Amino acid sequence: MALSKASCSVSLFQLFIVICLVFQCFAIKVHADLNATLTVDASEASGKPIPETFFGIFFEEINHAGAGGLWAELVSNRGFEAGGPNTPSNIDPWSIIGDESSINVETDRTSCFDRNKVALRLEVLCDSCPANGVGVYNPGFWGMNIEQGKKYKVIFYVRSTGSLNLTVSLTGSDGVGNLASTVITGSASDFSNWTKVETLLEAKATNRNARLQLTTTTKGVIWLDQVSAMPLDTYKGHGFRSELVEMLVDLKPRFIRFPGGCFVEGEWLRNAFRWKATIGPWEERPGHFGDVWMYWTDDGLGYFEFLQLAEDLGALPIWVFNNGVSHNDQVDTSAVLPLVQEALDGIEFAKGDPSSKWGSVRAAMGHPEPFDLRYVAVGNEDCGKKNYRGNYLKFYSAIKSAYPDIQIISNCDGSSRPLDHPADLYDYH
């Protein structure tokens, strides 16, 4: 009985194979008998024009694409603000050189800058300090890339209770190996008030994992604030890393969308990108915590710098601004007008006459001629959120009234059906 069942199974399997082969042969014959012709009309008359603005760049402050990336600032947390406004606070990634018997380091709120009051206080305790001194160092963003022969401008603000003898140096990641250094000296009266110091360091060697040190062997109290180190050879002198911007130039983008996507919204509105906090002298910018991608930005790369980057690339700027909507909270449409005015002011800053309120601020920053701002996007990925449509209409009406030439971009999808609100363009992603 078992043998009979096995024979039956084998026969059925063989029959299945034969049927498959027959159908395969039939299919091959059918396909062999079919002829298809594809005609391509490549004449100029049949072509659809592709706009020059078809290809561009979408910039997002994510994974330190700007701070620690495209922007050439080497110092991370240069104003000691990343730990928050309450002191004493965390000063990461700054670290202390010396032990508790030789130096005490803490933050306080004695800065001369009103919008970022936190400063770093260093109390040097040693009468006979180590030969290399005590102080603090900053490793930048995963180590500073210092190259032999290149020059680096170091700027910081300092005050002291006594005479100052401060060594500013670039060293290896362990503090060994002097790549470049200088000594800042002065009497107590020279530094009794906050004083801006600028110095130029030329690297004697290359180190891809360097750090910036500020050390002293003199007993007393020193305060530091707004410590910056940047290479001199930035792209067109505008603060961007030349080698990275040159790659962007090679892409030949016709537009650049900035300052980001979720970076514009924030997890919460209190941490959204606000353009007015990112303009003016870099020392006076408060910076902010990007709570979507979870890191601090000093906002040296601000609204003005993005507009300048677009101009340097020969690309049209597309400014994305917050419309009162974050990932977790929203401004009611009835209360959104202050944000609408902020957007109008931002357009005036970009393209207003240098005699206008915000155009004059741009001019004071070194760009009297207007930027070529033609496009703005109202929010980022916000379509479908409760207040988006109502808020959008407020922005649209006010912008079109003041700047009818500005093209306004909606977050909603107009590909499958018409939008239920006016828009010049839509960007649904």
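To start, this report covers the structure provided alongside it. These numbers come from a predicted model, not from an experiment. Along every chain, residues carry numbers that run from 1 in the direction the sequence is written. For this predicted model, a pLDDT threshold of at least 70 governs which residues receive local features, and a threshold of 80 or more governs which side-chain atom pairs are given and counted, while totals over whole chains, interfaces and linings are taken from all residues. Remark: hydrogens and water are excluded; side-chain values derive from all non-hydrogen atoms of the structure.

**Overview of the overall build of the protein chain**
By definition, any uninterrupted DSSP run of H or I lasting at least four residues is a helix, any uninterrupted run of E lasting at least two residues is a strand, and each is numbered from the N terminus. Of regular secondary structure, the protein chain possesses seven helices and 19 strands. Considered along the principal axes of its C-alpha atoms, the protein chain spans approximately 100 × 75 × 45 Å. Looking at the protein chain as a whole, 48% of its 429 residues are labelled buried. Any pair of residues with heavy atoms lying within 4.5 Å of one another is described as a contacting pair. Long-range pairs, those at least 24 residues apart, make up 73% of the contacts in the protein chain between residues at least 6 apart in sequence. Carbon and sulfur atoms make up 55% of the accessible area of the protein chain, which amounts to about 21,400 Å² in all. Of note, the protein chain has its 36 positive side-chain charges centred 3 Å away from the centre of its 51 negative side-chain charges. Residue burial is assigned from relative accessible area. The probe radius is 1.4 Å, only protein chains are included, and a residue is buried under 20% of its type maximum, exposed over 50%, and partly exposed in between. Working definition of accessibility: Shrake-Rupley area with a 1.4 Å probe, residue cover restricted to the visible protein chains. Positive charge is attributed to Lys and Arg, negative charge to Asp and Glu, and no charge count is given to His or to the chain ends. The atoms used to mark charge sites are NZ of Lys, CZ of Arg, CG of Asp and CD of Glu.

**Description of the side chain of T278**
Mapped onto the fold, T278 is located in the loop between α3 (262–265) and β14 (288–290). With a relative accessible area of 1%, T278 lands in the buried category. In protein, a polar contact requires one atom able to donate a hydrogen and another able to accept it; more generally it is a pair of N or O atoms within 3.5 Å, and residues adjacent in sequence count only if both atoms are side-chain atoms. At a separation of 2.8 Å, a polar atom in the side chain of T278 contacts the main-chain carbonyl oxygen of W275. Not counting the four nearest positions on each side in its chain, T278 is found in contact with F273, R285, D299, G302, Y303 and E305.

**Digging into unusual backbone geometry**
That bond from D92 to P93 is cis: its omega, 5°, falls within 30 degrees of zero. By the element assignment, P93 lies in the loop between β1 (57–58) and β2 (95–97). Put simply, F258 and P259 share a cis peptide bond, and its omega is 0°. Counting through the fold element by element, P259 comes out in the loop between β13 (255–258) and α3. With phi around 65°, M294 is a residue other than glycine that occupies positive phi space. We classify M294 as exposed; its relative accessible area is 56%.

**Some points on the packing of aromatic side chains**
Ring pairs are drawn from Phe, Tyr and Trp, using the six-membered ring of Trp, whenever the two centres fall within 6.5 Å, and their geometry is named by plane angle: stacked under 30 degrees, edge-to-face over 60, tilted for the rest. Taken as a whole, this structure holds 19 aromatic pairs when the rule is applied. Plain terms: the ring middles of F80 and W94 are 4.9 Å apart, the flat faces sit at 40° to each other, and that makes the pair tilted. Separated by 14 residues along the polypeptide, F80 in the loop between β1 and β2 and W94 in the loop between β1 and β2 bring together distant segments of the chain. Both rings, one in F304 and one in F371, keep their centres 5.7 Å apart while their planes meet at 75°; by these two values the pair is edge-to-face. Of the two residues, F304 is situated in helix α4 (residues 303–313) and F371 in the loop between α6 (357–364) and β17 (375–378); the sequence distance between them amounts to 67 residues. With respect to burial, F304 and F371 carry one shared label: buried. In this scheme, the term charge over a ring applies when either NZ of a lysine or CZ of an arginine sits within 6 Å of the ring centre and within 35 degrees of the ring normal. One cation-aromatic arrangement involves R159 over W223; the distance from NZ or CZ to the ring centre is 3.8 Å. A cation over an aromatic ring shows up here: R257 above the ring of F58, its NZ or CZ 4.3 Å from the ring centre.

**Remarks on the sheet that holds strand β12 (residues 220–231)**
The five strands are arranged β3-β4-β12-β7-β10 in an open sheet whose pairing can be described as antiparallel. One side of each edge strand has no neighbouring strand; the edge strands of this open sheet are β3 (103–108) and β10 (195–202). With strand direction ignored, the average angle separating the axes of adjacent strands in the sheet is 30°. A pair of strands is treated as paired once DSSP finds two or more bridges between them. Of the strand pairs in this sheet, β3 and strand β4 (residues 119–124) are connected by six bridges, and their pairing is antiparallel. Every axis corresponds to a line fitted to the C-alpha atoms, with the helix fit spanning only the stretch in contact, and the corresponding angles, defined between N-to-C directions, vary from 0 to 180 degrees.

**Digging into the state of the cysteines**
Working definition of a disulfide: a covalent bond connecting the sulfur atoms of two cysteines. Disulfides are defined in this document as cysteine sulfur pairs within 2.5 Å. The final tally for this structure, using the stated rule, is two disulfides. Here C126 connects covalently by a disulfide to C129, the sulfurs 1.9 Å from one another. Taking the torsion about the S-S bond as the criterion, the C126 to C129 disulfide, at about 90°, is right-handed. A residue is classified by how much of its surface remains accessible, and C129, at 15% relative accessible area, is buried. Sulfur-sulfur distance for the disulfide between C383 and C412 comes to 2.0 Å. Across the S-S bond of C383 and C412 the torsion is about 100°, and the bridge reads as right-handed. Taken as a pair, C383 in the loop between β17 and α7 (388–402) and C412 in the loop between β18 (407–410) and β19 (425–426) lie far apart in primary sequence, 29 residues in all. Here the disulfide map of the protein chain reads 1-2, 3-4, the bonded cysteines being numbered as they appear in the sequence. C262 forms no disulfide, and the closest cysteine sulfur to it belongs to C383, at a distance of 15 Å.

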